[in-house]
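This is what each chain is made of:
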Amino acid sequence: MDCISYKPEFQNDLEIFLEKVFISFGFQWLPDGKDADTREIPNVYQKQGDFWLLRDGGQIIGSIALRALDHSIGEVKRFYLLPEYRGKGCGKRLLEKTIQTAPQFGFKKLRLDTTSRSAAAIHLFQKYGFKEIPRYNDNPRAEFFFELMLS
């Protein structure tokens, strides 16, 4: 498995991956609507942050993104794994990549939001020291909000 930064040539494979993941959660992926950021990755995520893809044999099996909320706060976004790769350490690998890389972008803390459908991810966030905080955004799907202070 390899964890690499997004490049435009991965877009088609990324869209196939995202559609599968969204279906697995019972959501609809809307790349021309609320999920339009997934077609603008260099502008949305890679100016002060990054968007990583976890691949197995060249197939995208996971993703995670990091973007700036402000100059010192990064936000973890688009943390997904194909169902058959969950519970196998792949999410840990992606989250560790993000936490380790965040200070390079000047971030002193990380925030994220998630839903109750992501119980395993919530457990992982808490294992890595993320603490629940009050709502910090207007994401209508989000039910839980977390923050991690970076050392």
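About the thresholds
- Residues numbered from 1 in each chain as written.
- Predicted model: local features only at pLDDT ≥ 70, side-chain atom pairs only at ≥ 80, totals over all residues.
- Heavy atoms only, no water.
- Helix = DSSP H or I, 4+ residues; strand = E, 2+ residues; numbered from the N terminus.
- Contact = heavy atoms within 4.5 Å.
- Phe/Tyr/Trp six-rings, centres within 6.5 Å; stacked < 30°, edge-to-face > 60°.
- Buried < 20%, exposed > 50% of the residue type's maximum accessible area, 1.4 Å probe, protein only.
- Expected span 1.5 Å × (residues − 1).
- Arc of directions from axis to C-beta.
- Polar contact = N/O pair within 3.5 Å; in protein donor to acceptor, adjacent residues only side chain to side chain.
- Pairing = 2+ DSSP bridges.
- Axes fitted to C-alpha atoms, helices over the stretch in contact; angles between N-to-C directions.
- Right-handed = clockwise from strand over helix to strand, strands pointing away.

A. Layout of the side chain of Asp35. By the secondary structure assignment, Asp35 is in the loop between helix H1 (11-24) and helix H2 (41-44). For Asp35, the residues in contact, after removing those within four places along its chain, are Phe22, Gln28, Trp29, Leu30 and Arg78.

B. Local environment of the packing of aromatic side chains. Taken as a whole and judged by the stated rule, the model has eight aromatic pairs. Seen in terms of ring centroids, Tyr45 and Phe51 are 5.4 Å apart; in terms of plane orientation they differ by 65 degrees. Their pairing is edge-to-face. Given the relative accessible area of 0%, Tyr45 is considered buried. On the basis of relative accessibility, which here comes to 0%, the residue Phe51 falls in the buried class. Measuring from ring centre to ring centre gives 5.7 Å for Phe79 and Phe125, while their planes differ by 45 degrees; the resulting arrangement is tilted. Linking Phe79 in strand E4 (residues 73-81) with Phe125 in helix H4 (residues 119-127), this pair joins segments that are 46 residues apart in sequence. Note on Phe79: relative accessible area 19%, which makes it buried.

C. How the structure looks around H1. Spanning 14 residues, H1 covers 20 Å between terminal C-alpha atoms, matching the ideal 20 Å at 1.5 Å per step. The set of residues buried in H1 consists of Gln11, Leu14, Glu15, Phe17, Leu18, Val21 and Phe22. Across the axial projection of H1, the buried residues extend over an arc of 165 degrees, all falling on one side. Looking at H1, the residues exposed on the side facing more than 90 degrees away from the buried face are Asn12 and Ile23. Turning to H1, the residues buried within the fold contact H2, strand E2 (50-56), strand E3 (59-68) and E4. Gly26, located one to two residues past H1, shows a positive phi value of around 80 degrees.

D. Highlighting the side chain of Asp113. Topologically, Asp113 is positioned in strand E5 (residues 109-114). In this structure Asp113 comes out as buried when scored by relative accessible area, which is 14%. Within polar-contact distance, the side chain of Asp113 engages the side chain of Asn139 at 3.3 Å. Discounting chain neighbours no more than four positions away, the residues touching Asp113 are Glu75, Lys77, Tyr136, Asn137, Asn139, Ala142, Phe144 and Phe145.

E. Molecular detail of unusual backbone geometry. For Arg78, which is not a glycine, the phi torsion comes out positive at approximately 50 degrees. Within the secondary structure, Arg78 is located in strand E4.

F. Molecular detail of the sheet that holds E3. In space, the seven strands of this open sheet follow the order E1-E2-E3-E4-E5-E7-E6, with mixed pairing throughout. The sheet is open, and its two borders are formed by strand E1 (2-5) and strand E6 (131-132), each paired with just one other strand. Two strands pair when backbone bridges link them, and E6 and strand E7 (residues 144-149) are joined in this way by two bridges, in the antiparallel orientation. The residue bridging Glu132 from the neighbouring strand is Phe146, located in E7. Its contacts with the sheet put helix H3 (residues 90-101) on E1, E2, E3, E4, E5 and E7, and the angle it makes with E4 is roughly 160 degrees.

G. Broad picture of the pairing of E5. For E5, the buried fraction is high: five of the six residues fall into the buried class. Across three bridges, E4 lies against E5 in parallel orientation. Across the sheet, residue Gly74 finds its bridge partner in E5, namely Leu110. Note on the crossover from E4 through H3 to E5: the handedness is right-handed. In terms of strand pairing, E5 meets E7 through six bridges, oriented antiparallel. If you follow Asp113 over to E7, its bridge partner there is Phe145.

Purely geometric stuff here, so don't read any function into it on its own.
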